[in-house]
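# Inside the fold
Here are the chains, one letter per residue:
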Amino acid sequence: MSYLHASSSIDARNQTISVIGGGMAGLAVTYHLLSQGPPSRIQVFDKAPVGNGGASAVAGGLLHPLSPRGKLVYRGIKGLYETNALLRVTVPAIVKDRLYRVATTEAQAITFQLTAQKIPRICEWIAANEMQRICQSDTVYGGLVLQNGCKVVDVPAYLKGLWSACEHLAQEKNCQLTWTVTENAAINQDDIIVYTAGSGLFEPNSLLSAPTFPMQLVHGQSLVIRCNNNNNLKDALLCGKYISPLKDPSLVLVGSTHEFRDDLLSPEEVIHELRERTSAVAPHLWEDYIVEKITKGTRVQSERGKHGRLPIVGKLPGNKQRWVLTGLSSRGLLYHALYGKMLAKAILQGSEDCLTELDDGILWWKKKLKQST
Ligand SMILES: Cc1cc2nc3c(=O)[nH]c(=O)nc-3n(C[C@H](O)[C@H](O)[C@H](O)COP(=O)(O)OP(=O)(O)OC[C@H]3O[C@@H](n4cnc5c(N)ncnc54)[C@H](O)[C@@H]3O)c2cc1C
């Protein structure tokens, strides 16, 4: 089936597509442009080398379809499926093939048991005594093991693997593909442009205007911790915050803060907050530890709508072929492949129609744009 729309005035196959930002969003779009198209040329511009830039480089790597309250999010199963399809081309990036959502209150335990009944293939209820054994903590009320597609991913390794898969596809399909490290991409105005630079899109005097879009920037800091006792955590635990194993078995990642102000919390405040919020599920972690590193990143968090926080994806207003995928919030891993695939299809068709055919609420953010202008 050809993805080129009959009514399209632009044949994207003969054009150069410039992708600004090569994090999860930019690379998912690039991969799908290559597999569904490809155009004659794709150039990716990023301030950093592959796997080193933006929120993607510091993400916890937790891939699952549950909201913070433990319910299935909108298009969660489809998102999980599409991300796993991309993970299959980058297998060594998988750190764990399951994770635990721990219930720290009785109310959560009830909600989680309902979730386990609703999506048994993904979530299995773990009784309190078993969860207490896993966490080595007697203050938890049970939990869910999230599996069959839920994973802990080494995101920088995943992005490097995905880029390498893009290079192979480009070679196979005779498309010219380049990655240029620059903050000020010099782009021919006739090119198709895809804006996927995460928070870089909304910096002052930057590519898009922050007040116009229904989003806010949320900073996150995480701790890389070395555990000095023998109780190293083997599994990833979610409890509103997360504790996640890293490739080096003596290190864990504890994250993350949600900071709405630009004057970031001090290192002491970050340690205090994350310790307070994770002690119930991993008390041993905090008995004897060294903070090796504090990482920082900024999420583009979209406004909450009737389906929760959904990505900002589609064509920017105006006659030119300017497209955007951002607002992945804290669900970058779950949503980047699904929405990147849909966006690639629309770009190649030169029309947004296929997006609304796939999901009639997908352009929710355009209504908000109109309201603010
Ligand atoms: C601390 C933290 C932990 C997180 N943990 C998780 C998690 O466990 N699971 C999960 O699913 N999500 C998580 N997220 C969210 C996830 O990281 C984001 O949703 C996702 O990375 C967004 O991807 P993106 O490609 O839209 O933006 P980004 O990852 O920010 O990528 C943008 C890219 O654009 C580049 N760029 C910026 N400005 C310019 C410019 N002017 N010119 C050229 N290039 C530019 C950057 O270098 C970067 O490579 C976390 C986020 C944070 C901050």
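Keep in mind that this is a model prediction, so the values were computed, not measured.

## What about the sheet that holds strand β13 (residues 242–245)?
- The eight strands lie next to each other as β6-β7-β5-β12-β13-β14-β11-β15, forming an open sheet whose pairing is mixed. Unpaired on one side and paired on the other, β6 (123–126) and β15 (289–302) mark the two borders of the sheet.
- Where strand β12 (residues 237–238) meets β13, two bridges bridge the pair, whose relative direction is antiparallel. By the bridge assignment for β13, L237 is matched with I243.
- Along the sheet face, helix α3 (residues 106–118) touches β5 (99–102), β6 and β7 (143–146) and points at about 140° away from the line of β6.
- Along the sheet face, helix α4 (residues 128–135) touches β5, β6, β7 and β12 and points at about 115° away from the line of β5.

## Section: unusual backbone geometry
- The peptide bond linking G37 to P38 adopts the cis configuration, its omega dihedral lying at 0°.
- Tracing the sequence through the fold places P38 in the loop between α1 (24–36) and β2 (41–46).
- Backbone torsion omega between G255 and S256 reads -20°, so that peptide bond is classified as cis.
- The backbone of N148 shows a phi angle near 50°, a positive value even though the residue is not glycine.
- Structurally, N148 can be placed in the loop between β7 and β8 (151–153).
- The backbone of S329 shows a phi angle near 50°, a positive value even though the residue is not glycine.
- Here S329 is to be found in the loop between β19 (322–326) and α7 (332–349).

Reading guide: rules and limits
- Residues numbered from 1 in each chain as written.
- Predicted model: local features only at pLDDT ≥ 70, side-chain atom pairs only at ≥ 80, totals over all residues.
- Heavy atoms only, no water.
- Pairing = 2+ DSSP bridges.
- Helix = DSSP H or I, 4+ residues; strand = E, 2+ residues; numbered from the N terminus.
- Contact = heavy atoms within 4.5 Å.
- Axes fitted to C-alpha atoms, helices over the stretch in contact; angles between N-to-C directions.

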